[in-house]
Each structure stands twice: as structure tokens, then as C-alpha cells.
Amino acid sequence: QVQLVESGGGLVQTGGSLRLSCAASGSIFRINDMGWYRQAPGKQRELVAVITSDGNTNYEDSVKGRFTISRDNAKNTVYLQMTSLRPEDTAVYYCHANTRPWLPSRDYWGQGAQVTVSS
């Protein structure tokens with residue numbers, strides 16, 4: 001089993017910055033990719049950013065140039081540095097991890113962190 005614990009959410013004004021952290025524990029050897037999803041009220045959950053085990057990254061178009069995902073494998077932690085925040089970034093942000101390709105497919109989720117950007 002893998003546990004993902006998020007921290008760093010909060011309230012920020014338009015143009016501000018926040019950094020989300022997600023620390024993995026348990027059977028961390030099972031983890032392959034890690035990423036961040038978000039879900040705004042009344043909206044579908046969407047992939048914000050993903051980072052693979054070898055460090056490749058991908059971003060949702062609206063956050064490119066503003067958000068940066070990074071990963072510290074030694075600390076079993078993934079980060080999302082968010083800058084130039086906009087009200088439309090307001091959502092619950094969920095940390096996500098999947099399993100190594102030689103393991104049965106499994107998805108792990110954090111508890112969610114509320115990010116609110118005031119306008």
C-alpha cells in the first residue's frame with residue numbers, strides 16, 4: 001500500500017504563489033509516475049502536471065509557464081510550484097501516483113488540498 005499526504009494548500013490573491021507538496025510513504029518502491037490533478041466545483045477532474053520516474057514532465061496547457069512540477073525521489077516527494085495564480089486555478093488539488101509497469105496497475109491518491117485564488 002502507498003499513502004500520499006498533501007500539504008501547502010491555502011488562500012492566495014491573484015498573481016500570488018503557492019507550493020504544494022505530496023509525500024509518499026508505505027511501499028514506495030511501487031511508485032512509477034507522479035502527478036497532480038485538480039477539480040473545481042462543478043467541473044471534471046483534470047490532469048495538471050505529471051512527472052515520470054525518469055524526470056520527464058508534461059503540463060496542461062493553461063498552466064504551462066506558470067506551474068512547475070518536480071520530484072525528489074530520495075524524499076519520496078513530489079512538488080507543484082504554482083506562480084501567477086488566477087481565480088480559475090481555484091480547485092481541490094490531488095496528488096497522484098501509479099505503479100511500476102511490471103506491477104499490477106494501481107492508482108494512489110492524496111487527500112486533496114484546497115487552493116483558492118481570490119479575485
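For clarity, every value in this text was computed on a predicted model and none was experimentally measured.

A. Representation of the sheet that holds strand β8 (residues 77-82). Spatial ordering of the open sheet is given by β1-β3-β8-β7, a layout of four strands whose pairing is antiparallel. Both outer strands of the open sheet, β1 (2-7) and β7 (67-72), are each paired with one neighbouring strand and no more. Across the sheet, the axes of successive neighbouring strands diverge by a mean angle of 15°, strand direction being ignored. Note: β1 against strand β3 (residues 18-26), six bridges, orientation antiparallel. Bridged to V5 within β3 is A23.

B. Highlighting the nonpolar core. L4, M34, W36, L80, M82 and Y93 are the most contacted members of the largest nonpolar core, which totals 28 residues. Listed by contribution, the elements that provide at least two residues to this core are β1, β3, β4 (31-39), β5 (46-51), β7, β8, β9 (91-99) and β11 (113-118). Excluding anything up to four places from it in sequence, M82 contacts G16, S17, L18, L20, R66, F67, Y93 and V115.

C. A look at the pattern of salt bridges. Counted under the stated rule, the structure contains four salt bridges. Residue E46 pairs with R38 through a salt bridge whose shortest N-O separation is 2.8 Å. Overall, E46 belongs to the partly exposed group, its relative accessible area being 30%. Under the relative-accessibility criterion, R38 is labelled buried at 6%. The residue R66 makes a salt bridge to D89 at a minimum N-O spacing of 2.8 Å. On the criterion of sequence distance, the pair formed by R66 in the loop between β6 (57-59) and β7 and D89 in the loop between β8 and β9 is long-range, its members being 23 residues apart.

D. Geometry of the state of the cysteines. Enumeration over the complete set of coordinates arrives at one disulfide. Across the disulfide from C22 sits C95; the S-S distance is 2.0 Å. Its torsion about the S-S bond being -85°, the disulfide of C22 and C95 is classed as left-handed. Taken as a pair, C22 in strand β3 and C95 in strand β9 lie far apart in primary sequence, 73 residues in all. Here C22 falls in the buried class, since its relative accessible area comes to 0%. Using a relative accessible area of 0% as the deciding quantity, one classes C95 as buried.

Basis of the calculations
In this numbering scheme, every chain counts its residues from 1 along its sequence in written order. pLDDT decides what is reported in this predicted model: residues at 70 or higher carry local features, side-chain atom pairs at 80 or more are listed and counted, and totals for whole chains, interfaces and linings draw on all residues regardless. In computing side-chain values, all of the structure's heavy atoms are included and hydrogens and water are not. We call two strands paired when DSSP finds no fewer than two bridges between them. Helix and strand definitions here come from DSSP, where helices need a minimum of 4 consecutive H or I residues and strands a minimum of 2 consecutive E residues; each element is numbered from the N-terminal end. Structural elements are reduced to axes, namely lines fitted to C-alpha atoms, with helices fitted over the stretch in contact, and the angle between N-to-C directions of any two is expressed from 0 to 180 degrees. Residues belong to one nonpolar core when they are buried, are Ala, Val, Leu, Ile, Met, Phe, Trp, Tyr or Cys, and are joined through side-chain atoms within 4.5 Å. Exposure categories follow from relative accessible area, calculated using a 1.4 Å probe and restricted to protein chains: below 20% of the type maximum is buried, above 50% is exposed, and the middle band is partly exposed. In what follows, residue pairs with any heavy atoms lying within 4.5 Å of each other are defined as contacts. A pairing counts as a salt bridge when a side-chain nitrogen of Lys or Arg comes within 4 Å of a carboxyl oxygen of Asp or Glu. The definition used for a disulfide is geometric: two cysteine sulfur atoms within 2.5 Å.

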